[in-house]
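# Coordinates in review
The residues making up each chain are set out below.
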Amino acid sequence: MPAKRYLMTPGPTPVPPQVLAAMAEPMIHHRAADFRKHYGECLARLKQVTCTESDVLLFTASGTGAFESAVVNLCAPGERVVAVTAGSFGDRWVKLAQAFGADVVQLKYAWGETPQAADLEAKLKEIGGAPVAFVVQSETSTGVVSDIEAFAKVAQAAGTTLVVDAVSSLAAVPLEMDAWGVDVVISGSQKALMTPPGLGLAAVSQRAFEHASRVKQPRFYWDWEKTRAAQAKVDAPFTPAVSLVIGMNVALGMILEEGLETAFDRHVRLGRATRAGIKAMGLTLFSPDEDRSAVVTAVNSPAGIDSGDLNKILKDKYGVTIAGGQGDLKGKIFRIGHIGWFDLFDITTTLTAIEIALAELGADIVRGTAVNAAVAAFQA
Ligand code: PLP
């Protein structure tokens, strides 16, 4: 295994040295004033990144934990809810809501298709409305990014509380929670927020808090009111992941210093560069060839090549970790993440390694052009 490693997956993602250094500081007590300073700043910055005046509730959990908080606060057992699903994470929310007794109506697409807000409008009409709908902004398993502004309009008009999975998209592509009228935004630390795994967050609108207050469903750790009440006093109801909060505060500061718009533009150009390099090699894209597909690029594995073999050579021989396909796409696609602490050289390194590894596997690819194409696309 090479000593130098390159992490090119859509989560966990590389963590900047400033963040790692902050996390390596000696432990402090979570009720002491010095921690509260980090905590209060971190909570305020999360609001800025989520574009909301509402509370962003922070949980010691992965993104799925924060998603479970949405289900137990918003879904009463037996109640009908809608889940828009076009990949692995949409499917997860179906199973999660079903586990808590919800009657889940699926608006189901083939993996790789882009969900449409008009279809949610039609589905809600067909079933006579639903109190809650779940939708994924960036379906990490396929590389598709959906138009959340359009989904929010439909949900608002129907009186449906919209929960958006922005685990891989927050701070990578635009999501204006308040301006678009999104009720709940879920995310996690280990993607574009440039922090190790372990923090989940739920940004909750006033309307969603009111909705939650009417829902009878057993909850304790995930009870939004417990966390909201504690955070109002710059406190946490349970011991928070002190080092992760301190690290994420630094990461959020870096994101805000770059500026959200600049960060979104960088992600667009990283996506363009990746797609241009892949196409220059003669490979075909599985994810859409469009600017908003700026989180992860999914590529069809060349004929006769199992993407698992490619990933193994990349990792074991060249120290480059990319992601494979999930579910039915296992072996058929590979995925290059470009969210968070990424620049052009991460993309050119990855493309070069893929080119070398595919040539070793005997794939029929064009060599020597991917990097030029990527640089040109990034700089255009
Ligand atoms: N939703 C999306 C879109 C994701 O990419 C992930 C990450 O793997 C999750 C949900 C699940 O998050 P976690 O693995 O942090 O529980």
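Small disclaimer: the values here were computed from a predicted structure and weren't measured.

On to the domain arrangement of the chain, then. Along its sequence, the chain is carved into domain 1 (17-257) and domain 2 (259-379). The centre of domain 1, based on its C-alpha atoms, is set 28 Å off from the matching centre of domain 2. With 31 residues of domain 1 at the contact, the number on the domain 2 side is 23 residues. Per-residue buried area on domain 1 facing domain 2 is highest for Trp111, Val145 and Ala172; these three make up 21% of the total on that side. Our count for the contact surface shared by domain 1 and domain 2 stands at zero salt bridges. Put simply, the parts of the chain that give the side of domain 1 that touches domain 2 at least two residues each are helix H2 (33-50), helix H4 (88-99), strand E7 (144-145) and helix H10 (242-258). Ranked by the residues each element gives to the side of domain 1 that touches domain 2, the list is headed by H10, at four residues. In terms of residue class, the side of domain 1 that touches domain 2 is built from 16 nonpolar, 12 polar and three charged.

This part takes up the packing of aromatic side chains. Taken as a whole, this structure holds eight aromatic pairs when the rule is applied. Aromatic side chains Phe67 and Trp93 sit 3.5 Å apart centroid to centroid with 5° between the ring planes, which places their arrangement in the stacked category. Highlighted residues: Phe67 in helix H3 (residues 63-74) and Trp93 in helix H4, separated in sequence by 26 residues. In this pair, the class of Phe67 matches that of Trp93, namely buried. With a centroid separation of 6.1 Å and an interplanar angle of 75°, the aromatic rings of Phe209 and Trp224 are classed as edge-to-face. Here Phe209 is found in helix H8 (residues 206-214), whereas its partner Trp224 is found in helix H9 (residues 224-232), with 15 residues between them in sequence. For Trp224, a relative accessible area of 1% translates into the label buried. Three or more aromatic residues joined by ring pairs form one cluster here, namely Phe59, Phe220, Tyr221, Trp222 and Phe238. Taking the ring centre of Phe209 as reference, the NZ or CZ of Arg228 above it sits at 3.7 Å. Of note, Arg269 hangs over the ring of Phe378, and the distance from its end group to the ring centre comes to 4.5 Å.

Once that is clear, we can look at the environment of Phe345. Mapping Phe345 onto the fold places it in helix H13 (residues 344-360). Each C-alpha atom of the pair Phe345 and Ala374 lies 9.8 Å from the other, and the pair is 29 residues apart in sequence.

Attention now goes to the pattern of salt bridges. Counted according to the given criterion, the structure contains 22 salt bridges. With a closest N to O distance of 3.8 Å, Glu41 and Arg45 form a salt bridge. Of this pair, Glu41 and Arg45 both sit in helix H2, four residues apart, roughly one helical turn. For Glu41, a relative accessible area of 31% gives the class partly exposed. Taken together, the shared-partner salt bridges connect Arg272, Arg275, Lys279, Asp289 and Asp291 into one network.

What follows is about the layout of surface pockets. Its boundaries defined by the atoms lining it, the largest pocket holds a volume of some 250 Å³. Residue lining of the largest pocket: 17 residues in total, with Phe89, Arg92, Val167, Gln190 and Lys191 positioned closest to the centre. For the lining of the largest pocket, the leading source of residues is H4, giving three residues. Broken down by class, the residue content of the lining of the largest pocket amounts to four nonpolar, nine polar and four charged. Together, 15 residues line the second largest pocket, and Gln137, Val145, Val173, Pro174 and Arg292 are the ones closest to its centre. Counted by class, the lining of the second largest pocket contains nine nonpolar, two polar and four charged residues. Counting only domains with at least three residues in the lining of the second largest pocket, you end up with domain 1 (17-257) and domain 2 (259-379).

A few words now on helix H5 (residues 117-126). Every buried residue belonging to H5 is among Ala117, Leu120, Lys123 and Leu124, and all of these are buried. End-on view of H5: buried residues confined to an arc of 115°, all on one side of the axis. Opposite the buried face of H5, by more than 90 degrees, sit the exposed residues Lys125 and Glu126. The secondary structure elements touched by the buried residues of H5 are strand E3 (80-85), strand E4 (103-108), strand E5 (132-136) and helix H6 (148-158).

Take unusual backbone geometry next. In this chain, Gly11 is followed by Pro12 through a cis amide linkage whose omega measures -5°. Here Pro12 lies in the loop between strand E1 (6-7) and helix H1 (17-23). At Val234, a position not held by glycine, the phi torsion is positive, near 50°. Mapped onto the elements of the fold, Val234 is located in the loop between H9 and H10.

Turning our eyes to something else, we now look at the environment of Val184. For Val184, the location among the structural elements is in strand E9 (residues 184-188). Each C-alpha atom, one on Val184 and one on Leu96, is 16 Å from the other, the two residues being 88 residues apart in sequence. Not counting chain neighbours up to four residues away, the residues in contact with Val184 comprise Leu74, Leu162, Val163, Val164, Ala203, Ala208 and Trp224.

Taken together, seven strands build an open sheet; the order of strands is E2-E10-E9-E8-E5-E3-E4 and the sheet is mixed. Whereas interior strands pair on both sides, the edge strands pair on one side only; in this sheet they are strand E2 (55-60) and E4. Each strand of the sheet is rotated relative to its neighbour by a mean of 20°, with strand direction disregarded. In terms of strand pairing, E5 meets strand E8 (residues 161-165) through five bridges, oriented parallel.

Cut-offs and rules
- Residues numbered from 1 in each chain as written.
- Predicted model: local features only at pLDDT ≥ 70, side-chain atom pairs only at ≥ 80, totals over all residues.
- Heavy atoms only, no water.
- Domains from an automatic or database assignment.
- Contact = heavy atoms within 4.5 Å.
- Buried area = accessible area lost by both parts, 1.4 Å probe.
- Salt bridge = Lys/Arg side-chain N within 4 Å of Asp/Glu carboxyl O.
- Helix = DSSP H or I, 4+ residues; strand = E, 2+ residues; numbered from the N terminus.
- Nonpolar A, V, L, I, M, F, W, Y, C, P; charged D, E, K, R; others polar.
- Phe/Tyr/Trp six-rings, centres within 6.5 Å; stacked < 30°, edge-to-face > 60°.
- Buried < 20%, exposed > 50% of the residue type's maximum accessible area, 1.4 Å probe, protein only.
- Lys NZ or Arg CZ within 6 Å of the ring centre and 35° of its normal.
- 1 Å grid on protein atoms, 1.4 Å probe; cavity = no way out; pocket = protein on both sides within 12 Å on 5 of 7 lines; lining within 4 Å.
- Points joined across faces, edges and corners; volume = space filled by probe spheres on them.
- Arc of directions from axis to C-beta.
- Pairing = 2+ DSSP bridges.
- Axes fitted to C-alpha atoms, helices over the stretch in contact; angles between N-to-C directions.

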